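One-letter residues, chain by chain:
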Amino acid sequence: MSQYAVPVVWSPETRRHDPRHEVWVGVATEGTETAARVDAILEALRTEGHDLVESRPQPDDALLAVHEPELLEFLRSAAARWAAGPYRDLVGQERVVPYLFPTPAMTAGMPARPAVAVHADAGRFAYDTMTLVGPGTWEAARAAADCAVLAAGLVAGGAPLAYALSRPPGHHATPAGFGGSCYLNNAAVAAATLRASGAQRVGIVDIDAHQGNGTAAIFYERADMLYGSVHVDPAAGWFPHVVGYAAETGVGAGEGATRNLPLPEGSGDEQWLAAVAELAEWVTAAGCDHLVVSLGVDAAADDPESPLQVSADGYREAGRLLGETALPAVAVQEGGYHLPTLGGLVAAYLDGHASA
Ligand SMILES: [Zn+2]
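Worth saying up front: this structure is predicted, and the values here are computed from it rather than measured. (Residues numbered from 1 in each chain as written. Predicted model: local features only at pLDDT ≥ 70, side-chain atom pairs only at ≥ 80, totals over all residues. Heavy atoms only, no water.)

**Concerning the coordination of the zinc ion**
Turning to step 1, where the next piece is worked out: Around the zinc ion, the protein contributes the donor atoms D208 (OD), H210 (ND1) and D298 (OD), at 2.0 to 2.2 Å from the metal centre.
Turning to step 2, where the next piece is worked out: Coordination of the zinc ion draws on donor residues from a single chain, spaced D-x1-H-x87-D in sequence. Of the two residues, D208 is situated in the loop between β6 (202–206) and α9 (213–218) and D298 in the loop between β9 (290–295) and α11 (312–323); the sequence distance between them amounts to 90 residues. (Donors = N, O, S within 2.8 Å, 3.2 Å for Na, K, Ca; no water. Helix = DSSP H or I, 4+ residues; strand = E, 2+ residues; numbered from the N terminus.)

**Let's talk about the packing of α11 against helix α12 (residues 339–355)**
Turning to step 1, where the next piece is worked out: Following both chains from N to C, one finds α11 and α12 inclined at 35°, their axes separated by 6 Å at the closest point. At the point where α11 passes α12, the crossing takes the right-handed sense. Residues A312, Y315, R316, A318, G319, R320, L322 and G323 of α11 pack against L345, A348, Y349, D351, G352 and H353 of α12.
Turning to step 2, where the next piece is worked out: Residues belonging to the contact of α11 with α12 are distributed by class as follows: seven nonpolar, four polar and three charged. (Axes fitted to C-alpha atoms, helices over the stretch in contact; angles between N-to-C directions. Left-handed = near helix turned anticlockwise from the far one by under 90°. Contact = heavy atoms within 4.5 Å. Nonpolar A, V, L, I, M, F, W, Y, C, P; charged D, E, K, R; others polar.)

**Remarks on the side chain of T131**
Turning to step 1, where the next piece is worked out: One can find T131 in the loop between α6 (118–121) and α7 (137–156).
Turning to step 2, where the next piece is worked out: Judged by its relative accessible area of 1%, T131 is buried.
Turning to step 3, where the next piece is worked out: Those residues within four positions of T131 in sequence are excluded, and the remaining contacts are F178, G179, G180, S181, C182 and Y183. (Buried < 20%, exposed > 50% of the residue type's maximum accessible area, 1.4 Å probe, protein only.)

**Some thoughts on the nonpolar core**
Turning to step 1, where the next piece is worked out: With 52 residues, the main nonpolar core has Y163, I207, W272, L295, Y315, L322 and Y349 as its most contacted residues.
Turning to step 2, where the next piece is worked out: Residue contributions to this core peak at nine residues, all from helix α10 (residues 269–285).
Turning to step 3, where the next piece is worked out: Beyond its immediate stretch of four places on either side in the chain, W272 contacts I207, V230, L263, A299, L308, V310, G314, Y315 and A318.
Turning to step 4, where the next piece is worked out: Core analysis: the second largest hydrophobic core is formed by 50 residues, W82, A145, Y183 and V330 among them. (Core = buried A, V, L, I, M, F, W, Y, C linked by side-chain atoms within 4.5 Å.)

**What to know about the pairing of strand β2 (residues 21–24)**
Turning to step 1, where the next piece is worked out: As paired elements, β2 and strand β3 (residues 27–30) share four bridges and run antiparallel to each other. By the bridge assignment for β3, W24 is matched with V27.
Turning to step 2, where the next piece is worked out: Hairpin geometry of β2 and β3 is characterised by an intervening segment of two residues between the two adjacent antiparallel strands and by a positive phi of about 40° at V25. (Pairing = 2+ DSSP bridges.)

Written as structure tokens, this is what we have:
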């Protein structure tokens, strides 16, 4: 058992997002980032005796510290724009699916304007076709970010560790973009909240199976927010594909404040924990005074979304390694999609962290 009960900040609103399907390599595949994840995790943490804390709406400050207001406005209004359009008759479904991406390849320096049709406008913010916006998506994403704000507030107020059951996840959401099943960057929001509460330097350690390109992008030029990640190598063909390489170390004032530790497909506890230990030492040596853990449990062997082979004991040991930093910490839920084991993996991490 953990040495202390960890506050588990959650919200029933986070169940409102239903991705239904993702458009992946041209076909509609069933979405794995489902509301059932919330209940699987809640059940496991309740059984472990942690303290469930129901979240409530929080101010916009932390969100605006990490995202462009245009992204927030798009996500807030997209489902209503879709419902007001001709889509029900045309295609008979109510998810906003981007169809046009106005990248520099298209605009070529021309004075491009925001598209009027929402299915074309979505590509201004969406960077993939698998992260759809439907009724309830904004409410759930906003509630997930509020969970992170509240959990960070508990840590700023003296809790050694708080956990945000943020869903949908967030670490792929960039300053002005959404993708990778992420809409709002909950971990970045937690870090910004800590910073606004007096933290001088926040270390973010991302142990999700995939590199958190959104968090990396948000803080790439910052010296006061370190971002370190262990993840499956994007060079082996894994999300986020175009970034997440070891050579990315930050720019300007942020030079040296980003660290990527990509691992080969099939890596298990030994290689993964060596990387987690390296990141724990890194944030400690850099003088961070607070820690945010992007707690994805999709590196587990039975997870359908990644080829890493980490065990539940591996997650417990990762918790111990990061708990040993003795930094006040916010753990924010990221990925993890195998419903039968998902809750136990989160519980194992928190147990390790709270027992260190
Ligand atoms: Zn992931």
